[in-house]
Amino acid sequence: MAKSLAELKAIREKKIDEIQLRHGKDGYRVVVGMATCGIASGARPVMIKLMEEVDTKGLVDVTVAQTGCIGSCRLEPIVEVYNAKGEKVTYVHMTPEKVTRVVDEHLALGKVVEEYTMTVVDGKIIDPNVKG
Amino acid sequence: MKELSLHILDITQNSIRAEAMLISLTVNESSAENNLTIVIEDNGKGIPAEKLQTIADPFVTSRTTRKVGLGLSLFKAAAEGCDGFFEITSILGVGTKVTGSFRRDHIDRAPLGNMADTIVTMVMSFGEADLFYEHNCNQQKFIMDTREIKETLGVTSLNELDILNWIREFVKEGLEEIMEEK
């Protein structure tokens, strides 16, 4: 493991400026539900895709994190996007393909991808697919 | 679950909820013994003896967001459906150990799947907690210890994209190496 660890250290030293930038407080915080329900319905590839997209598109002020079961297991995989004010947009039935669009439009340009979101009517969660 | 690595990811989330600071994951694969065994051990707060009796019952859970707990039940069913066994032992204040053993060539045994993605997702969710991962495949061994990585880099958390990418590649390559037919 020693040799490869030295290599990681070198990569890291090169990127140190970027890493300091990353801890800005203005960016989005993206949270993926990672309990049994999420994992069984495909949260892991969603998480990995999110990680890759945020990295390759250089969105240095976006942080990616995980949470447990949000309570709407039938809508998993669920991705929540919080802005700097703490306002939340919930994306449901996520796939790696949908992640690309959320990153390109929401995280990069601030434009919510309405058709992937969950809508609440009279306290009831309406799946966007049956909204009509 | 479609992959055993998804069960692993799922069960380690229990360890995090139990406030474990060290999670040890061991995967042993042996063609000679026709066996695949997964052991997940943590130093979390442990489970009281009376709860341990019913822990793999799907209608038992400590969560409040829903009424069923499926993680351990699914893992137990997967192992027992492959001529294997499931075992959970725990000591309050010391930690918990979960074992799932499978007949390796059983037709119903799910593939191990993408361990690199599971490890990276685990590390992301661990915060300051550490992972010791040992994978043995027919006498060949792969080891990854996040304590060693943190010490080398002088950091307390590995939740940075460049570190995570490196871990993913490191695990992928390490496992390819030990799984090569020799």
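Residues numbered from 1 in each chain as written. Chains lettered and ligands numbered in written order. Predicted model: local features only at pLDDT ≥ 70, side-chain atom pairs only at ≥ 80, totals over all residues.

## Structural notes on the overall build of chain B
Here's step 1: From N to C terminus, chain B includes 6 helices and 6 strands.
Here's step 2: In sequence order, the secondary structure elements of chain B are arranged as α-β-β-α-α-β-β-α-β-β-α-α.
Here's step 3: Taken against the 2.2 N^0.38 rule, which gives 16 Å for 182 residues, the C-alpha radius of gyration of chain B at 16 Å falls within 12% of a compact globule.
Here's step 4: Taking the principal axes of the C-alpha coordinates as reference, chain B spans close to 40 × 40 × 25 Å.
Here's step 5: For chain B, the proportion of its 182 residues judged to be buried stands at 41%.
Here's step 6: Contacts in chain B between residues at least 24 apart in sequence constitute 64% of all its contacts with a sequence separation of at least 6. (Helix = DSSP H or I, 4+ residues; strand = E, 2+ residues; numbered from the N terminus. Rg over C-alpha atoms; globule rule 2.2 N^0.38 Å. Buried ≥ 20, exposed ≤ 12 C-beta atoms within 10 Å, placed from the backbone. Contact = placed C-beta atoms within 7 Å.)

## A closer look at the nonpolar core
Nonpolar side chains in soluble globular proteins generally cluster together in the buried interior.
Here's step 1: Ranked by internal contacts, the top residues of the largest apolar core, which has 79 residues, are L50(A), V79(A), I119(B), V123(B), L164(B) and I167(B).
Here's step 2: In this view, L50(A) contacts V30(A), V32(A), V64(A) and V99(A); residues no more than four positions away in its chain are not counted. (Core = buried A, V, L, I, M, F, W, Y, C linked by C-beta atoms within 7 Å.)

## Digging into the interface of chain B and chain A
Here's step 1: At the interface, 28 residues of chain B touch 26 residues of chain A.
Here's step 2: Mapped onto the side of chain B that touches chain A, the elements with two or more residues apiece are α1 (4-17), α4 (115-126), α5 (146-153) and α6 (161-179) of chain B.
Here's step 3: A class-by-class count of the residues in the side of chain B that touches chain A yields 13 nonpolar, 8 polar and 7 charged. (Nonpolar A, V, L, I, M, F, W, Y, C, P; charged D, E, K, R; others polar.)

## What to know about unusual backbone geometry
With the exception of glycine, most residues fall at negative phi, and the peptide bonds are largely trans.
Here's step 1: Here E76(A) and P77(A) are connected by a cis peptide whose omega angle stands at -10 degrees.
Here's step 2: Mapped onto the secondary structure, P77(A) falls in the loop between β2 (63-67) and β3 (79-82).
Here's step 3: Located in the positive-phi region is N34(B), a residue other than glycine, with phi close to 50 degrees.
Here's step 4: Positionally, N34(B) belongs in the loop between β1 (22-30) and β2 (35-42).
Here's step 5: One non-glycine residue, N138(B), adopts positive backbone phi at about 45 degrees.
Here's step 6: Tracing the sequence through the fold places N138(B) in the loop between β5 (130-137) and β6 (140-145).
Here's step 7: With 15 C-beta atoms counted inside 10 Å, the residue N138(B) sits in the partly exposed group.

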